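# A structural walkthrough
One-letter residues, chain by chain:
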Amino acid sequence: MTIHRSTFSKLAFSTFLFVLPLNTAFAQDTGAVAGRLKALLANQGVDLAWTGISGDASSMVMEGVTVKPAAEKDGLPIGNVKLEGVTEQNGGYAIGTVSTEAFSHSEDGTEVDISPFVMHDLTIPAEGSTDPLASILMYKSADLANMTVKVGDKTAFSMEDFTIDVTPPADGKAMEFAGKAGKFTGDLSLVEDSKSKEMIDALGYQTISGNIKIGGSWHPSDGKMELSQYDITVDNAGTFGMTFDISGYTMDFVKSLQEVQKKMAEKPEGADSSTEGMAMLGLLQQLTFNGASIRFDDDSLTNKVLDYAAKQQGMTAKDIANQAKAIVPFGMAQLNNPELTAQVSAAVNKFLDNPKSLEIAAKPASPVPFALLMANGMANPLDLPKTLGLSVTANEN
């Protein structure tokens, strides 16, 4: 399945508007708020434009709205945006609801349709505010009824019942967020690679469905950001989950990162961006790694894969599992870490004998600066598992 890159870069930005609660908004007022909003988004590397504004100071419609991230050459026209329940608040503005129109975009045989997206309790900070979060437009909740991506006359992907709830940071506490996509579907019959298509058909995953759940927190003062849940569940297959925990993701870091991204976007295509690349690496060294994990909870996928591999080689599923058990220690031997090798081998054996869950976790004894990780990665890559506190476990809650 071939889908033009431009289509998905625009789609990615449209979804970005509601997936990350740290960088969202559209504004109100027949001039002042619109200008304030435009200035705030410009600081975040996003250009906001509109053709007109109708209504009054409490309920208004921004007409012909276009948004353009710094990394894109063309803006994304999203139509009219309605703002209701607008009031002044501490020199800024509070908005009851912000809602878009239904959105549709077609390019190179791919059509994207998105239902109206609604944000609730949006806050636009006052200009010149000394609050470190004054450059962020916060909302308390948002929802999207559905989104579909069609290739030709087939629905390649759909998502329903997307919601996100945000508890803004206050009184020194972290911002918390939780969200979900109640249901998604995918048509894998559109995959064009013959070998991949053969495997998909054999496993019975021509069409898939499932749900997504996310949750986490962010503390502005020390930049501690924790993604405590990011689970993608595929029905009759399993759940793929990940978590991470870093520090140093402060507002100053975000602003510096946006500046580097803006400079990279302003350069003509093919121009040397090595200076910006080095700047990006320098910024990453300001972060600290606290932990991360990747986990798979099986729901029949593992045995289906073993059966498929067995049929391909004229063997039994048990023979394939035993082959995998024998290969793992040899592959791990390259790390020259007997303890980790034994742990991985035991986990793989346990999982293949009774597929329930398999988890890879990195939990260093104490937080590790990214600068140290990068240095060790170049000088002593074999020591990284010890530095990260890497572990592999199977069938544990």
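So, here is what we can say about the structure in this document. (Residues numbered from 1 in each chain as written. Predicted model: local features only at pLDDT ≥ 70, side-chain atom pairs only at ≥ 80, totals over all residues. Heavy atoms only, no water.)

Glancing now at the overall build of the protein chain. Each helix and strand in the protein chain was counted, giving ten helices and 18 strands. Overall, the protein chain is about 70 × 50 × 45 Å in size when its C-alpha atoms are taken along their principal axes. For the protein chain, the proportion of its 397 residues judged to be buried stands at 42%. Within the protein chain, residue pairs in contact and separated by at least 24 positions form 58% of the contacts whose partners lie at least 6 positions apart. Accessible area of the protein chain: about 20,300 Å², with a carbon and sulfur share of 55%. Taken as two groups, the 30 positive and 49 negative side-chain charges of the protein chain have centres that lie 5 Å from each other. (Helix = DSSP H or I, 4+ residues; strand = E, 2+ residues; numbered from the N terminus. Buried < 20%, exposed > 50% of the residue type's maximum accessible area, 1.4 Å probe, protein only. Contact = heavy atoms within 4.5 Å. Areas by Shrake-Rupley, 256 points an atom, 1.4 Å probe, with all protein chains shown as cover. Lys, Arg positive; Asp, Glu negative; His and termini not counted. Charge placed at Lys NZ, Arg CZ, Asp CG, Glu CD.)

All right, on to the side chain of His105 then. With respect to the secondary-structure elements, His105 resides in strand 6 (residues 103-107). Here the side chain of His105 touches Glu107 through a polar contact of 3.2 Å, side chain to side chain. (Polar contact = N/O pair within 3.5 Å; in protein donor to acceptor, adjacent residues only side chain to side chain.)

One ladder, built from ten bridges, connects strand 9 (residues 141-151) with strand 10 (residues 154-167); its direction is antiparallel. From the neighbouring strand, Asp143 faces strand 10, where its bridge partner is Thr163. In this structure, the hairpin formed by strand 9 and strand 10 is closed by a connection of two residues, where Gly152 is found at a positive phi of approximately 65°. Summarising the sheet, strand 10 and strand 11 (residues 175-187) pair through ten bridges and their orientation is antiparallel. Residue pairing in the sheet places Thr163 in a bridge with Lys180 of strand 11. (Pairing = 2+ DSSP bridges.)

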